[in-house]
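# Structural characterization, general
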Amino acid sequence: AKGRLAGDPALKLALRLGGKSILRRVVDTALAAPVGEVVVVLGHGAAELEQELPRDPRIRTVYNPDYSTGQSSSLRAGIDAIASQAQAAVFLLGDQPLVSLQAIEALVGEFRRSKSAVVRPRYRGTPGNPVLFSRVLFPELSQVTGDQGGRELLARHQADVAMVDLNLESPVDIDTRDDYSLLIRKFPDLEKL
């Protein structure tokens, strides 16, 4: 498709924003959040992308050999790698470099308060990512197939979703060169960070 990043998902995660890769920005935000560990699932280009990760004992890198079958295989690989004592997991998208620490903190805080099966942010009225899933849903998440991620599960468990309202812009996906260029134009200060 026009503007696609050469069909290479690893290429977009390695794009630089202010000297850091898109992947590194997401991982750094996750590391700053109140979480016990950060599981990074890599597929195509794993060796190159692993070089982008900081050296931190809280990071566990998992390789997904079935990455070409869609998001669900990465979701399953991540679920399988989560520590047995984890009560929940916040699922971040690697191509959303401006994911907010405030959003992750709000999700974790709401989960600790309510113990909801799912906690999701609502950005100025619009639901978005990342999404927190309680351990009680891990078996169902492990059964997801195709390129859907957790969408089907969210629909099935709507009554169990706690929404967290945030007065923030929803994080932008970087899917095309145009998305990347627009992000650079919209947030020129990223180049200085």
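A brief structural summary. Starting afresh in each chain, residues are numbered from 1 along the sequence in its written order. A pLDDT threshold of at least 70 governs which residues receive local features in this predicted model, and a stricter bar of 80 or more applies before side-chain atom pairs are shown or counted, although totals over entire chains, interfaces and linings include all residues. Side-chain descriptors were evaluated using all non-hydrogen atoms of the structure, hydrogens and water having been removed beforehand.

Only one face of strand β5 (residues 88-91) is buried: it carries Ala89 and Phe91, and the other face, with Ala88 and Val90, is open. Bridging between β5 and strand β8 (residues 131-134) involves 4 bridges; their strand directions are antiparallel. Directly across from Phe91, in β8, lies its bridge partner Val131. Each residue is assigned to one of three classes by its accessible area relative to the maximum for its type, calculated with a 1.4 Å probe on protein chains only: buried under 20%, partly exposed between the two thresholds, exposed over 50%. Each helix is a run of H or I in the DSSP string that is no shorter than four residues. Each strand is a run of E no shorter than two, and both are numbered from the N terminus. Paired strands are those between which DSSP finds at least two bridges.

Before going further, it helps to spend a moment on the pattern of salt bridges. Salt bridge, as applied in this entry: a Lys or Arg side-chain nitrogen positioned within 4 Å of an Asp or Glu carboxyl oxygen. One pass over the full model with this rule turns up 11 salt bridges. When the shortest N-O distance is used, the salt bridge between Asp28 and Lys20 registers 2.9 Å. The salt bridge involving Arg24 is made with Asp28; its shortest N-O contact spans 2.9 Å. Of this pair, Arg24 and Asp28 both sit in helix α2 (residues 22-32), 4 residues apart, which is roughly one turn of that helix. Accessibility expressed as a relative area gives 26% for Arg24, which makes it partly exposed. A cluster of three or more residues bridged by salt bridges with shared partners is formed by Lys12, Asp95 and Asp175.

Let us now look at helix α4 (residues 71-81). Among the residues making up α4, those that are buried are Ser72, Ser73, Leu75, Ala77, Gly78, Ile79 and Ala81. The contact criterion used is simple: two residues touch if any of their non-hydrogen atoms lie within 4.5 Å. Buried residues along α4 sit against β3 (38-42), β4 (59-63), β5 and α6 (138-141).

Secondary-structure assignment places Gln96 in the loop between β5 and α5 (101-114). Pairs of N or O atoms are called polar contacts if they sit within 3.5 Å, as long as, within protein, a hydrogen donor faces a hydrogen acceptor (for residues adjacent in sequence, only side-chain-to-side-chain pairs). Of the polar contacts made by the side chain of Gln96, one reaches the side chain of Asp173; its length is 2.4 Å. Residues within four places of Gln96 in sequence aside, it is in contact with Val26, Asn129, Pro171, Val172 and Asp173.

With omega at 5°, the peptide bond leading from Asn129 into Pro130 counts as cis. Inspection of the secondary structure puts Pro130 in the loop between β7 (126-127) and β8. Backbone geometry places Lys115, a non-glycine residue, at a positive phi of 55°. One can find Lys115 in the loop between α5 and β6 (118-123). Exposure remark for Lys115: the relative accessible area of 49% places this residue in the partly exposed category. Of note, the phi angle at Arg124 is positive, near 45°, even though the residue is not glycine. Within the secondary structure layout, Arg124 lies in the loop between β6 and β7. For Arg124, a relative accessible area of 54% corresponds to the exposed category.

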